Amino acid sequence: LDEVNACLAEEAQMAKDAADAKIEEQTEALKEMESNWKSESQQNADLNAHISELKGEINDARTKQEELDEVARRTKEDAEKRIQEQTEVLKKTESKLKNESKQNHALDAKIEKLTKSISQARTEQKSLDEDAQRIKDEAALKIEE
């Protein structure tokens, strides 16, 4: 009976040692998982902070783009208004000059000069339109960056 008890005690000790080893192994695995979880949580927090920063930068860029668009729009409107005013003045002047040119052939040179001014004003408008588009395109590129 002592021999059976000794055998059972030895088996129980082996089972206990095996269970202790398994517990130790699982404890180490749990510690490693916890470490990984903490690391991933920190990475997620860092990513969330970076995302928030990027959202702020995007909002700032959008605001800046809107401001640039507004400046470009106002610049274009002002230029168009000035050109329209100049065109009206030039048309009136041209009309007067045409009437007077019937009496004075020398006025033909002035009409030609006014026509060139109109053409130049249109060229300037085209240049302003191109500048406005360029400003808008540059701002769009900044937003994309």
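Parameters and conventions
Residues numbered from 1 in each chain as written. Predicted model: local features only at pLDDT ≥ 70, side-chain atom pairs only at ≥ 80, totals over all residues. Heavy atoms only, no water. Helix = DSSP H or I, 4+ residues; strand = E, 2+ residues; numbered from the N terminus. Rg over C-alpha atoms; globule rule 2.2 N^0.38 Å. Buried < 20%, exposed > 50% of the residue type's maximum accessible area, 1.4 Å probe, protein only. Contact = heavy atoms within 4.5 Å. Areas by Shrake-Rupley, 256 points an atom, 1.4 Å probe, with all protein chains shown as cover. Lys, Arg positive; Asp, Glu negative; His and termini not counted. Charge placed at Lys NZ, Arg CZ, Asp CG, Glu CD. Salt bridge = Lys/Arg side-chain N within 4 Å of Asp/Glu carboxyl O. Patch = residues over 30% accessible without salt bridge, like charges linked within 9 Å, V, L, I, M, F, W, Y side chains within 5 Å. Polar contact = N/O pair within 3.5 Å; in protein donor to acceptor, adjacent residues only side chain to side chain.

**Student:** Is there a simple way to explain the overall build of the chain in this structure?
**Tutor:** Looking only at helices and strands, one finds two helices and zero strands in the chain. Against the globule reference of 15 Å for 145 residues, the chain gives a C-alpha radius of gyration of 42 Å, more extended than a compact globule. For the chain, the spread of C-alpha atoms along the three principal axes comes to 150 × 15 × 10 Å. A burial count over the chain gives 12% of its 145 residues as buried. Considering only contacts in the chain between residues 6 or more positions apart, those separated by 24 or more positions represent 63%. Here the chain has roughly 12200 Å² of accessible surface; of this, 52% comes from carbon and sulfur atoms. With 25 positive and 37 negative side-chain charges, the chain shows a separation of 22 Å between the mean positions of the two kinds.

**Student:** Got a minute to help me understand the pattern of salt bridges in this structure?
**Tutor:** Where side chains of opposite charge bring their charged atoms close, a pairing between them can arise. The full count for this structure, using the stated rule, is eight salt bridges. The salt bridge involving Glu70 is made with Arg73; its shortest N-O contact spans 2.3 Å. Residue Glu70 and its partner Arg73 are located together in helix α1 (residues 2–101), separated by three residues, close to a single helical turn. With a relative accessible area of 29%, Glu70 lands in the partly exposed category. The residue Glu138 makes a salt bridge to Arg134 at a minimum N-O spacing of 3.0 Å. Of the two residues, Glu138 and Arg134 both sit in helix α2 (residues 107–144), four residues apart, roughly one turn of that helix. The class of Glu138 is partly exposed, set by a relative accessible area of 38%. Judged by relative accessible area, which is 39%, Arg134 ranks as partly exposed.

**Student:** What exactly am I supposed to notice about a nonpolar patch on the surface here?
**Tutor:** Residues Leu1, Val4 and Leu8 make up a contiguous nonpolar surface patch of roughly 340 Å² in combined accessible area. Position of Leu8 among the secondary structure elements: in helix α1.

**Student:** Mind showing me how you'd approach the environment of Gln133 here?
**Tutor:** Following the sequence through the fold, Gln133 ends up in helix α2. For the pair Gln133 and Lys76, spaced 57 residues apart in sequence, the C-alpha to C-alpha distance is 10 Å.

**Student:** What is the right way to read the side chain of Gln125 from this model?
**Tutor:** Here Gln125 lies in helix α2. Relative accessible area serves as the criterion here: at 11%, Gln125 is assigned to the buried category. Within the local environment of Gln125, its side chain forms a polar contact with the side chain of Asp129, the two groups lying 2.6 Å apart. With residues near it in sequence (within four places) discarded, Gln125 still touches Lys76, Ala79, Glu80 and Ile83.

**Student:** Just checking my understanding: could you explain the environment of Glu112 for this structure?
**Tutor:** With respect to the helices and strands, the residue Glu112 is situated in helix α2. Looking at Glu112, the relative accessible area reads 47%, which means it is partly exposed. In this structure the C-alpha to C-alpha distance between Glu112 and Glu94, which are 18 residues apart in sequence, comes to 9.1 Å.

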